[in-house]
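# A closer look at the structure
Each chain, written out:
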Amino acid sequence: MKKRSIFLMTGVAMFYFHNAYGQETVKDSTKVSSIDQVVITGNSNPKKKIESSTAISTFSAKEIQKQNPISAAALLQRVPGFAVETSGGEVGNNLFARGIPSAGAYEFVQVQEDGLPVFEDGALQFANADMFFRVDNTVSRLEALRGGSGSIYANNSPGGLINFISKEGTNTFKGTAKLETGSYGLMRTDVNVGGALIQDKLFFNVGGFYRVDNGLRKTGFKANEGGQIKMNLKYVFDKGYVKAYYKKLDDRNTFYLPIPLIQNGNDLKGFPGFDPNYGTYSYRSISQFNIPQAGGGFFQRNLEDGIHPKVDVIGVEFKYDLGNNFTVLNKTRYTNINMNYTGIFPAGGPQLAADFAKNKGIDANNYQYSSVSNGQSVSPQYVQELGFWAIDKQMRNFVNDLQFNYKFDKGNITAGFYKSNWKSHQYWNWSNILTTATDKPELLNLVDKSLSPTDNGYSKTYNGVSSMSFLIRDSQIQGSLNNIYLNVDYNVTDDLSLNGGIRYSRDFYKGYGVGTTTANLNNSGLTTDGTHSFATTTADDNMAVLGNKYTYWNYDISKVSYTLATNYKINRENAVYARFSSGFRSPNEEAYHNNMANLGIIKPVLTNQLEVGYKYYSRTFDIAVIPFYSTLKNLSFTDIYSNGVSENKFANTSNLGVELEGYARLFSNVLEVTFNGTIQNPKYRNFTGRNADGSTFDYNGNVVRRIPKFYFNISPAVNITKEWRAYISYNYYGKRFQDEKNIQVLPSFSEFGAGMSYQLGKIRFAIDGTNIFNTIGITEGDPRAGSPTGDGIIMARPIMGAAVRGSITLDF
């Protein structure tokens, strides 16, 4: 079927080429000039980039096509100021904006589609914003704003706005069809078409993708499978327009987590029995999970389902000219998400078999491991305890943004009211399993040979499960956000402009958590193997059971965010600007849950940012240099350790840095170079306190965790002919620390990519390679392991190994 699809696509492509032959060849350049580019994100009205007093990066559909990112996170690596971890797979990745540390996700930026959030809070537990969005050919362009006016135009976004803008139909019917295959069993089809149902009046666009592959790491099953469809219908009338749209996403993705490596200073190599570039604990041999519950019944899960969101989105956008220079714009959207999340989270690193047995209370020489699959005795040197974490989430979000705009000779005024109601209910069921410490793990049982099989505590496992449902969580969080905002643009002269904005947020959060008790299956009447009772195993000794005690909480926020800026256009190609902004981020979900009984100790995260910038845009060269300084107060750290306990610490931070972004077209457009980079120094301030064990800590002045001081990307491309183009890309990610103590070093690494394309009329053939030298580069250690270990055996999450993708794209 795979070969037939390729042959069919190739045949259609060649047929189309013969019909299109003789038409003007489309130049396959990587980037259009920025001098006349208009941006809408973080501005009250569309503005040319050179006139916008914001730090904003833009990517057209053509530019996204040239980069062919493997995920949304991979595309965002091209934005300065965004430190992006892409090692989780297609989804579930992390983004840190301008040195702001967090537990991960997209905690201080808002990911948007067409100016409204993908989901109101992009950093709920196990619900990163990129799980509900996919980059495909329905995207017209991306606008990525850092800092600046983000807090005026969205909630919880002092780090910036990431706005994916969808394609709309025009009077000309056109479309794109793409077939892609890859070295890891990839088969993907993208289609997008748009046009006019009634010329100049009624337009449509519809598109989407479907993809299946084995995963960049070897899981033994289809790691990624699913797709989405998006459609919109727009009616234009004399004084405005109305647009309705719908999106359906049904996709499942394997989530990759830390694996064992050997570290010696800055040198990394694979742990014996583990391929660092392609290995993973998430493997078919441990994918099926079925255990009895202390409250009755059984809990079943399939690792192959991975992260599986089912997303339905419906929205309407309306704009009308009221006359006398007044316009009204209203955007409304309803989002419904049902997601099952299943992943393997290592509970620490590999342990010597004897040490693990000792920790389970078995004296030396009295332990015996056996394979669950066949019952035969085995003698592994190392064993690994893995968390089998299952999370179910039901999420709803209704949002409406109403704004009025008044234009006058010297500028415009925008005033609006933003309303968002959202709810997220989640259920967790976590267990630990025992396996070999290899990249094709096998389930193990462990018994105490000094005891009889009928004795209490003889076995430390149940079919490879070492801790059955040790953590269960049933909780809910709701938000009701009520924001009014005002933004003013004023042109002092043709070249000097001022901007000011203010947003008042009156937000209400509430939720509950269900208490749990512990129980076991000793008196359940169930057996472990058809003969022996559960008294013979310790695997069920600390099972969690939901109780009947509900803890309800409420938290209200009343805050003002504001920004002031000026932009001076020196001439048509040069401009400078300065901006000060003050915003906030509400406490995150885990902070609420950890402190339900005493919400007084948590506070919104307060941010202040100052940035200045120089921008130069011409037909052949672009450059933006943006120094910035930011401070944050009341930042919460909420990593959940492998034992289910949350970190629950608070700190302040500061950061001084410079963002660089540029593009050059040289030698009569033969050579093109795009580059971006960030230099910064994010540090902790007032970070002292007491650990859970009673010891004290003082991390003042330490470098914030997981964020490099220096990282950059450079991508030169050569237009060998009008049709033939080749490129290489180089990503450098600087040294970081896994932990607040600054003990566990995450070494710097470099990653190379390369590709080539050929434009044959309206048909584009391309090949793209990622991490072509199989670099072992780690983006995070193991934040769930608690205290870091330094050199030796470490747990870390490396980037993906080398992969190649080939594609045929037909434009019509």
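In this report, we go over the structure that sits alongside the text. The structure presented is a predicted model; accordingly, all values stated were derived computationally and were not measured.

## Some thoughts on the overall build of the protein
Assigned secondary structure in the protein consists of six helices and 48 strands. In terms of overall dimensions, the protein is globule-like: its C-alpha atoms have a radius of gyration of 27 Å, near the 28 Å expected for 812 residues. Expressed along its principal axes, the backbone C-alpha trace of the protein runs to roughly 90 × 65 × 50 Å. Relative to its 812 residues, the protein shows a buried fraction of 60%. When contacts within the protein are restricted to residue pairs at least 6 apart in sequence, those whose partners lie at least 24 apart make up 70%. In the form shown here, the protein has an accessible surface area of approximately 30800 Å², with 55% of it arising from carbon and sulfur atoms. Taken together, the 81 basic and 71 acidic charged side chains of the protein have centroids lying 4 Å from each other.

## Comments concerning the pairing of strand β10 (residues 139-146)
Two faces make up the sheet, and in a regular strand the side chains alternate between them. Among the eight residues of β10, six are classified as buried, and the element is accordingly described as predominantly covered. Alignment of strand β3 (residues 55-60) against β10, held across six bridges, turns out to be antiparallel. Directly across from isoleucine 56, in β10, lies its bridge partner leucine 145. Pairing of β10 with strand β11 (residues 160-166), which is carried by seven bridges, proceeds in the antiparallel orientation. In the strand pairing of β11, arginine 141 is matched with isoleucine 165.

## Regarding the nonpolar core
Counting residues in hydrophobic clusters, the biggest one holds 66 residues, and the most contacted among them are Phe132 and Ile162. Element by element, the count of residues in this core is highest for strand β29 (residues 465-491), at five residues. Every residue in contact with isoleucine 162, bar those within four places of it in the chain, is listed here: Leu76, Phe82, Leu95, Tyr106, Val109, Gln110, Val111, Gln112, Leu142 and Glu143. Counting residues in hydrophobic clusters, the runner-up holds 24 residues, among them Ile259, Phe274, Leu303 and Met543.

## Thoughts on the pattern of salt bridges
Tallying each qualifying case throughout the model produces 27 salt bridges. Across the salt bridge formed by aspartate 312 and lysine 248, the nearest N and O atoms sit 3.2 Å from each other. Of this pair, aspartate 312 sits in strand β21 (residues 307-323) while lysine 248 sits in strand β16 (residues 240-253), and the two are 64 residues apart along the sequence. One salt bridge in this structure joins glutamate 672 and arginine 665, with 4.0 Å as the shortest N-O distance.

## Notes on the pairing of strand β32 (residues 574-585)
The element β32 is largely enclosed, with a buried count of nine among its twelve residues. By the bridge criterion, eight bridges tie strand β31 (residues 543-569) to β32 in an arrangement that is antiparallel. Bridging across to β32, tyrosine 562 finds its partner in serine 582. Linkage of β31 to β32, two consecutive antiparallel strands, is achieved through a turn of four residues. Examined bridge by bridge, β32 and strand β33 (residues 605-617) share twelve bridges and lie antiparallel to one another. Bridge pairing links asparagine 574 to tyrosine 616 in β33.

## Observations regarding the packing of aromatic side chains
Given two aromatic rings, their pairing is described by the distance between the two centres and the angle made by the two planes. Here the structure, examined in full by the defined rule, presents 48 aromatic pairs. Each ring, one from phenylalanine 289 and one from phenylalanine 388, has its centre 4.5 Å from the other, and the planes form 15 degrees; the classification is stacked. In this pair, phenylalanine 289 sits in strand β19 (residues 288-292) while phenylalanine 388 sits in strand β26 (residues 382-408), placing the two residues 99 residues apart along the sequence. Overall, phenylalanine 388 belongs to the buried group, its relative accessible area being 1%. Members of the aromatic cluster, connected to one another through ring pairs, are Phe126, Phe255, Tyr341, Phe345, Trp389, Trp428 and Trp430. The positively charged end of arginine 98 is found above the aromatic ring belonging to phenylalanine 628, 4.8 Å away from the centroid. When the ring centre of phenylalanine 209 is taken as reference, the NZ or CZ atom of arginine 188 above it lies at 4.1 Å.

## Here we look at the sheet that holds β11
One open sheet accounts for five strands, arranged β3-β10-β11-β6-β7; its pairing is mixed. For this open sheet the edge positions go to β3 and β7 (116-117), each flanked by a neighbour on one side alone.

Conventions adopted
- Residues numbered from 1 in each chain as written.
- Predicted model: local features only at pLDDT ≥ 70, side-chain atom pairs only at ≥ 80, totals over all residues.
- Heavy atoms only, no water.
- Helix = DSSP H or I, 4+ residues; strand = E, 2+ residues; numbered from the N terminus.
- Rg over C-alpha atoms; globule rule 2.2 N^0.38 Å.
- Buried < 20%, exposed > 50% of the residue type's maximum accessible area, 1.4 Å probe, protein only.
- Contact = heavy atoms within 4.5 Å.
- Areas by Shrake-Rupley, 256 points an atom, 1.4 Å probe, with all protein chains shown as cover.
- Lys, Arg positive; Asp, Glu negative; His and termini not counted.
- Charge placed at Lys NZ, Arg CZ, Asp CG, Glu CD.
- Pairing = 2+ DSSP bridges.
- Core = buried A, V, L, I, M, F, W, Y, C linked by side-chain atoms within 4.5 Å.
- Salt bridge = Lys/Arg side-chain N within 4 Å of Asp/Glu carboxyl O.
- Phe/Tyr/Trp six-rings, centres within 6.5 Å; stacked < 30°, edge-to-face > 60°.
- Lys NZ or Arg CZ within 6 Å of the ring centre and 35° of its normal.

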